[in-house]
Amino acid sequence: MDVLINVFVALHIIGIASLLGGFLTQMKAMGEGAARFGPAMLHGALMMLVTGFALVGFNQLDDQPVNNIKIGIKLLLLVVILALVYVKRDEEKVDKGAFMAVGGLTVANIFIATLWT
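This report concerns the structure included in the present document.

1. Let's talk about the overall build of the chain
Part 1: Scanning the chain for helices and strands turns up five helices and zero strands.
Part 2: Reading the chain from its N terminus to its C terminus gives the helix and strand order α-α-α-α-α.
Part 3: For 117 residues, the compact-globule estimate of 2.2 N^0.38 gives 13 Å, and the chain sits close to it at 15 Å.
Part 4: C-alpha extents for the chain along the principal axes are approximately 50 × 25 × 20 Å.
Part 5: Per-residue burial for the chain yields a buried fraction of 36% across its 117 residues.
Part 6: The contacts of the chain with a sequence gap of at least 6 include a subset with a gap of at least 24, amounting to 81%.
Part 7: On the chain, roughly 6800 Å² of surface is accessible, and the fraction owed to carbon and sulfur atoms is 70%.
Part 8: Across the chain, 8 positive and 8 negative side-chain charges occur, with their mean positions spaced 10 Å apart.

2. Thoughts on a nonpolar patch on the surface
Part 1: A cluster of nonpolar side chains, namely V3, V7, L11, I14 and M47, defines an oily patch on the protein surface of about 410 Å² accessible area.
Part 2: Element by element, the count of residues in the nonpolar patch is highest for helix α1 (residues 2-25), at four residues.
Part 3: By the element assignment, V3 lies in helix α1.

3. Overview of α1
Part 1: With 24 residues, α1 should cover 34 Å at 1.5 Å per step; its first-to-last C-alpha distance of 34 Å lies within 8% of that length.
Part 2: Within α1, the full set of buried residues consists of I5, F8, H12, G15, I16, L19, G22 and F23.
Part 3: Those residues of α1 hidden inside the fold are in contact with α2 (27-31), α3 (39-61), α4 (68-87) and α5 (96-115).

4. A closer look at α5
Each full turn of the α-helix corresponds to 3.6 residues, which orients residues three or four apart in the same direction.
Part 1: Over its 20 residues, α5 extends 28 Å from the first C-alpha to the last, a length consistent with the 28 Å expected when each residue adds 1.5 Å.
Part 2: For α5, the full list of buried residues reads A98, F99, V102, G103, L105, T106, N109 and I112.
Part 3: Buried-residue contacts for α5 involve α1, α2, α3 and α4.

5. Some words on the environment of P65
Part 1: Within the fold, P65 resides in the loop between α3 and α4.
Part 2: Spatially, the C-alpha atoms of P65 and K88 are 37 Å apart, while their sequence positions differ by 23 residues.

6. What about the environment of L11?
Part 1: One can find L11 in helix α1.
Part 2: C-alpha of L11 to C-alpha of M47: the two residues are 36 residues apart in sequence and 7.5 Å apart in space.

7. Observations concerning the nonpolar core
Part 1: Core analysis: the biggest nonpolar cluster contains 21 residues, and L19, F37, M41, I81, V85, F99 and V102 have the highest contact counts within it.
Part 2: Listed by contribution, the elements that provide at least two residues to this core are α1, α3, α4 and α5.
Part 3: Sequence-distant contacts of M41, defined by excluding residues within four places in its chain, comprise S18, L19, G22, F23, R36, V85 and V102.
Part 4: The next biggest cluster of nonpolar side chains, apart from the first, holds five residues, and it includes I5, A54, L55 and F58.

What counts and what doesn't
Residues numbered from 1 in each chain as written. Predicted model: local features only at pLDDT ≥ 70, side-chain atom pairs only at ≥ 80, totals over all residues. Heavy atoms only, no water. Helix = DSSP H or I, 4+ residues; strand = E, 2+ residues; numbered from the N terminus. Rg over C-alpha atoms; globule rule 2.2 N^0.38 Å. Buried < 20%, exposed > 50% of the residue type's maximum accessible area, 1.4 Å probe, protein only. Contact = heavy atoms within 4.5 Å. Areas by Shrake-Rupley, 256 points an atom, 1.4 Å probe, with all protein chains shown as cover. Lys, Arg positive; Asp, Glu negative; His and termini not counted. Charge placed at Lys NZ, Arg CZ, Asp CG, Glu CD. Patch = residues over 30% accessible without salt bridge, like charges linked within 9 Å, V, L, I, M, F, W, Y side chains within 5 Å. Salt bridge = Lys/Arg side-chain N within 4 Å of Asp/Glu carboxyl O. Expected span 1.5 Å × (residues − 1). Core = buried A, V, L, I, M, F, W, Y, C linked by side-chain atoms within 4.5 Å.

So, to be careful, I would describe these as geometric facts and stop short of saying anything about function.
See the structure below:
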C-alpha cells in the first residue's frame, strides 16, 4: 500500500506543479493585462482533485490517520480554484483579480499541505 500511496503523492505533486507552473508562466502576461488560464492549469487542478481523493481513501484503507479538517480546507480551496479556472478557461484575457486569486489559493494550498502537521 505504501508504494501506491507514494505514486499518488507524486502524481498529486505533478498536478500542483502544473497548476502553479501555468500560473507562473502567465505572470508577465498578467502585467500586460493579457493573462489567461491555460489547459495545464485546469488539468493540474483536476489531477490534484482526483489524486487527493485517492490519497485520502488509500490512507484510510491503510489505517493511517487523516486530518479531515485539513483535507476539507484544502478541498475547499481547490474547488474555488477549479471553479475560477473552469469558468474563465476560454476567455482571451482573465482579469487580474481572478488570476491572482488562483495563484494565491494555489500557494496557500501548498503551505497548508506542507506546514500543517
